[in-house]
Amino acid sequence: MTLLTGWGRTAPTAARLARPRSPEEVADLVRRASDRGVAARGLGRSYGDAAQNAGGLVLDCTALTSWSLDETTGLVTAAAGLSLHDLMAALVPRGWFVPVTPGTRHVTVGGAVAADVHGKNHHADSSFGAHLRSLTLVTAGGESRTLTPEDDLFWATVGGMGLTGVITEAVFRCLPIETSRMRVDVERTRDLDHTLEVMTATDDRYRYTVAWIDLLASGARMGRSVLTRGDHAGRDELPRGTDPLAFGPGSLLTAPPWAPNGLLNPLTVRAFNEAWYRKSRPATGVIQEISPFFHPLDFVDGWNRMYGSKGFVQYQFVVPFGEETTLRRIVSRLSAEGVVSFLTVLKRFGPGTLGMLSFPIPGWTLALDIPAGQRGLAGLLRELDGWIAEAGGRLYLAKDSRMSARTMAATYPRLEEWRKVRHEADPAGIFRSDLARRLGL
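On a predicted model such as this, the values are computed, not experimentally measured, just so you know. (Residues numbered from 1 in each chain as written. Predicted model: local features only at pLDDT ≥ 70, side-chain atom pairs only at ≥ 80, totals over all residues. Heavy atoms only, no water.)

Undergrad: An account of the overall build of the protein is requested, with residue identities and associated values reported.
TA: The number of helices and strands found in the protein is 13 helices and 21 strands. Here the C-alpha radius of gyration of the protein, 21 Å, is about what a compact globule of 441 residues would show, namely 22 Å. By its C-alpha atoms, the protein is 60 × 55 × 45 Å across when sized along the principal axes. Taking all 441 residues of the protein together, the buried fraction comes to 59%. Restricting the contact set of the protein to residue pairs at least 6 apart, pairs at least 24 apart contribute 75%. Of the roughly 17700 Å² that the protein leaves accessible, carbon and sulfur atoms contribute 52%. (Helix = DSSP H or I, 4+ residues; strand = E, 2+ residues; numbered from the N terminus. Rg over C-alpha atoms; globule rule 2.2 N^0.38 Å. Buried < 20%, exposed > 50% of the residue type's maximum accessible area, 1.4 Å probe, protein only. Contact = heavy atoms within 4.5 Å. Areas by Shrake-Rupley, 256 points an atom, 1.4 Å probe, with all protein chains shown as cover.)

Undergrad: Quick rundown of helix α10 (residues 377-390)? Include the residues and the values.
TA: Helix length check: α10 (14 residues) gives 20 Å between terminal C-alpha atoms against 20 Å at 1.5 Å per residue, within 8%. Every buried residue of α10 is accounted for by Leu-377, Leu-380, Leu-381, Leu-384, Asp-385, Trp-387 and Ile-388. The buried residues of α10 occupy an angular sector of 165° when the element is viewed end-on, so they sit on one face. Exposed positions of α10 whose direction lies more than 90 degrees from the buried face are Arg-382 and Glu-390. Buried residues along α10 sit against β18 (312-320), α9 (324-337), β20 (363-371), β21 (394-395) and α11 (405-411). The positive-phi residue at the C-terminal boundary of α10 is Gly-392, with phi of around 85°. (Expected span 1.5 Å × (residues − 1). Arc of directions from axis to C-beta.)

Undergrad: Mind laying out the pattern of salt bridges, listing which residues take part and the relevant values?
TA: Two side chains that carry opposite charge are able to pair once their charged atoms sit near each other. Counted under the stated rule, the structure contains 24 salt bridges. Arg-221 is paired through a salt bridge with Glu-274; the nearest N and O atoms lie 3.7 Å apart. Here Arg-221 is found in the loop between β13 (208-213) and β14 (225-232), whereas its partner Glu-274 is found in helix α7 (residues 266-279), with 53 residues between them in sequence. The partly exposed category is assigned to Arg-221, whose relative accessible area is 40%. Take Glu-274: its relative accessible area is 24%, and that puts it in the partly exposed class. The partner of Arg-224 in a salt bridge is Glu-274, with the nearest N and O atoms 2.7 Å apart. Of the two residues, Arg-224 is situated in the loop between β13 and β14 and Glu-274 in helix α7; the sequence distance between them amounts to 50 residues. A network of salt bridges, in which partner residues are shared, links Glu-187, Asp-203, Asp-204, Arg-229 and Arg-348. (Salt bridge = Lys/Arg side-chain N within 4 Å of Asp/Glu carboxyl O.)

Structure, rendered in structure tokens:
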């Protein structure tokens, strides 16, 4: 038995861990599953308990790493355990980029499908599932099925958090690029209303856009932000003699194996926020490498340890356009309560996919990293859950570690449709996880 947690390190449970090296091994392990069921796991970057299965079997799929690229069409066929880090390292020098990347490149292709991950380009390109052409799924009987967007099980799997089967392969279209650099604009806003106004008016000019919010700012400065927007740079924008497709991402630092509890507190985070806001001076057309633009936290290996032994809660929600009052109310409440969030980011979502449990809907999404153990945090987040549900919003399953089954049922309107498709594919409920038990899935 192996003790497993999510990236937030808040709720460890023990499971039997197996590491299949082929789809055939996956199928054999599924056929021999016990009554505690099977859960698939990639690099463990779900923040909560989505890739845990207390007392059951967990399949570490990271040995499934084969891939191929059609240089003419940009179609990639990738095994589910291949990381976006390794895929980018292979694709970028060839002039291609993944269609969607979340805030870390250390996620697997299978995880990107199961969580229907989104990135800074959702307003322009939707989420990962929008770029899928097919996927291969090992179902409850150990059968390997190839699914396309015409199949209901395909859309139950995209965003389905691994509860319809074990994804072993995906085919998706990538984006052609001329260089491994980004052309970036930086802008500061004075408060939340100014942030929303600028993003609404100008986001469509950029493929990628995100706002960092100073959550501890109060009064007239509440919601002040640093907006970072950009697109892939062209060859003619680089200095002469530059290798246009050079790409060598890596970690520059390693977090210590332990950090004192309370290191991230109102004083330290307030000081960091002030320094970051002042440092981020307005700029236009700055040439930046891919890694610092998309994955700044990846420069610190094991950065989640900086939150101390209690771990942290990632809280990400979306509310529809037209519910800006709810967004302001939430930011105001968090600011007034002095909630410490080391990283708080705001994005605009465009149209979502047909994934039945996919998170994004057109609207505003806010994500916070909150050290666990803050006094009154559990009650406060339950209150915010209610506001979000009333506004027609929802919480992100890949980030969640504490939502209730009641909130899940109230905020995912296609849940019963998903349950029906899932039951047809897995009537005995072979595929299970701690998240599924907690949310009554």
